[in-house]
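Chain by chain, the residues:
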Amino acid sequence: MNKVPYSAEHDLSCIGSLDELKEMALACSRCGLRAECSNVVFGEGNPTARLMLIGEGPGAEEDRLGRPFAGKAGQLLDQILGAIGLERFEHTYIANVVKCRPPGNRAPRPEEARQCLPWLYRQIELLSPSLIVLLGGTALQNLVDPHAKITKARGQWLHSKSGIKIIPTYHPAALLRDPGKKRPVWEDFQKVRDEYISIVNG
Ligand code: SF4
């Protein structure tokens, strides 16, 4: 479980900028999710950030606004980032496994994720972050290992082929449902802070 499959099935390697990729993704209707959502939520943040956060998919508020992590889970994520001295728009870039909202907030189906992941893979290549935090089991299973369990994998550093350090932790929405997960997430984000500081300081 130490390899991220960054080979895009749909070849987007000719897309040379994030703006161009966004424009194309906003017009995507590769899977059935687009027919039921209001907005394609491409992702947002600082395109030069060393830290990227990847969640599962847009919820109702994210779909309405076209922005990732715009609801309660996003507010909690902002607080967590603030507690380690980071500000979302200055220090991070945030995206999801799928860019359109699965109805009823269900997890994306494997085929939906398969269709959408090439957008995310190219996004990662263009952003070229040093660190990625995978928020929740869906991100972990789609980007690292379909059989991985977030309960076991969280808090452990993984390495992509391209040298990105990756750490899975619980999704902020899981913390809202189960406050008992706050401590492990805090421990995980302390590791993120330490690694971030060491990267920024060279
Ligand atoms: S979820 Fe992804 S693949 Fe499906 S329509 Fe939206 S952008 Fe396209």
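Throughout this description, residue numbers start from 1 for each chain and increase along the sequence as written. With the structure being a predicted model, the display of local features is reserved for residues of pLDDT at least 70 and the display and counting of side-chain atom pairs for 80 or more, all residues being used for whole-chain, interface and lining totals. Only hydrogens and water are set aside; all other atoms, that is, all heavy atoms of the structure, feed into the side-chain values.

**Quick word on the overall build of the chain**
Part 1: Only runs of H or I of at least four residues qualify as helices and only runs of E of at least two qualify as strands under DSSP, and these elements are numbered from the N terminus. A tally of helices and strands in the chain yields 9 helices and 6 strands.
Part 2: We compute the radius of gyration from the C-alpha atoms alone; for a globule the expected value is 2.2 Å times N to the 0.38, where N is the number of residues. Expected size for 202 residues packed as a compact globule is a radius of gyration near 17 Å; at 16 Å, the chain falls within 12% of this value.
Part 3: Judged by the C-alpha coordinates and their principal axes, the chain covers about 40 × 35 × 35 Å.
Part 4: To sort residues, take the accessible area from a 1.4 Å probe on protein chains only and compare it with the maximum for the residue type: under 20% means buried, over 50% means exposed, and anything in between is partly exposed. Burial analysis of the chain (202 residues in total) assigns 51% to the buried set.
Part 5: Residues are treated as being in contact if the distance between any of their heavy atoms lies within 4.5 Å. Expressed as a percentage of contacts within the chain between residues at least 6 apart in sequence, the contacts between residues at least 24 apart total 73%.
Part 6: Residue burial considers only the protein chains on display, and all accessible areas are found by Shrake-Rupley using a 1.4 Å probe. Accessible surface, the chain: about 9500 Å² in total, of which carbon and sulfur atoms supply 49%.
Part 7: Within the chain, the 23 negative side-chain charges are centred at a point lying 5 Å from the centre of the 26 positive side-chain charges. For the charge count, each Lys or Arg is scored as positive and each Asp or Glu as negative, with His and the chain ends excluded. Throughout, a charge is located at the NZ atom of Lys, the CZ atom of Arg, the CG atom of Asp or the CD atom of Glu.

**Some remarks on unusual backbone geometry**
Part 1: Here F69, not a glycine, exhibits a phi torsion of approximately 50°, which is positive.
Part 2: Tracing the sequence through the fold places F69 in the loop between helix 2 (60–65) and helix 3 (72–83).
Part 3: For F69, a relative accessible area of 5% translates into the label buried.
Part 4: Even without glycine at this site, N105 takes up a positive phi of about 65°.
Part 5: Mapping N105 onto the fold places it in the loop between strand 3 (92–96) and helix 5 (110–127).

**Considering the nonpolar core**
Part 1: What is meant by a nonpolar core is a set of buried Ala, Val, Leu, Ile, Met, Phe, Trp, Tyr and Cys residues, joined one to another through side-chain atoms within 4.5 Å. Membership of the largest hydrophobic core comes to 59 residues, with the highest contact counts inside it found for M52, I54, L134 and F189.
Part 2: The element best represented in this core is helix 5, accounting for 8 residues.
Part 3: Ignoring sequence-local partners within four residues, the contact set of I54 consists of A95, N96, V97, L120, I124, I132, V133, L134, L135, A139 and L143.

**Concerning the sheet that holds strand 1 (residues 44–45)**
Within a sheet, each strand pairs with its neighbour through backbone hydrogen bonds, oriented either parallel or antiparallel.
Part 1: At least two DSSP bridges between two strands are needed for those strands to be called paired. Spatial strand order, 1-3-2-4-6-5: 6 strands in an open sheet with mixed pairing. The open sheet has two edge strands, strand 1 and strand 5 (158–159), and neither has a second partner.

**Some words on the pattern of salt bridges**
A side chain of one charge can pair with a side chain of the opposite charge if their charged atoms are brought near each other.
Part 1: For this document, the term salt bridge refers to a Lys or Arg side-chain nitrogen within 4 Å of an Asp or Glu carboxyl oxygen. Tallying each qualifying case throughout the model produces 13 salt bridges.
Part 2: Linking R122 and E125 is a salt bridge whose minimum nitrogen-to-oxygen distance equals 2.7 Å. Taken together, the residues span about one helical turn, with R122 and E125 both in helix 5 at a distance of 3 residues.
Part 3: Residue E125 is classed as partly exposed on the basis of its relative accessible area of 39%.
Part 4: Across the pair D188 and R154 runs a salt bridge whose closest N-O atoms are separated by 2.8 Å. In this pair, D188 is assigned in helix 9 (residues 182–200) and R154 in the loop between helix 7 (150–153) and strand 5, connecting sequence segments 34 residues apart.
Part 5: What you see here is one network of salt bridges that share partners, running through E44, R67, D78 and R88.

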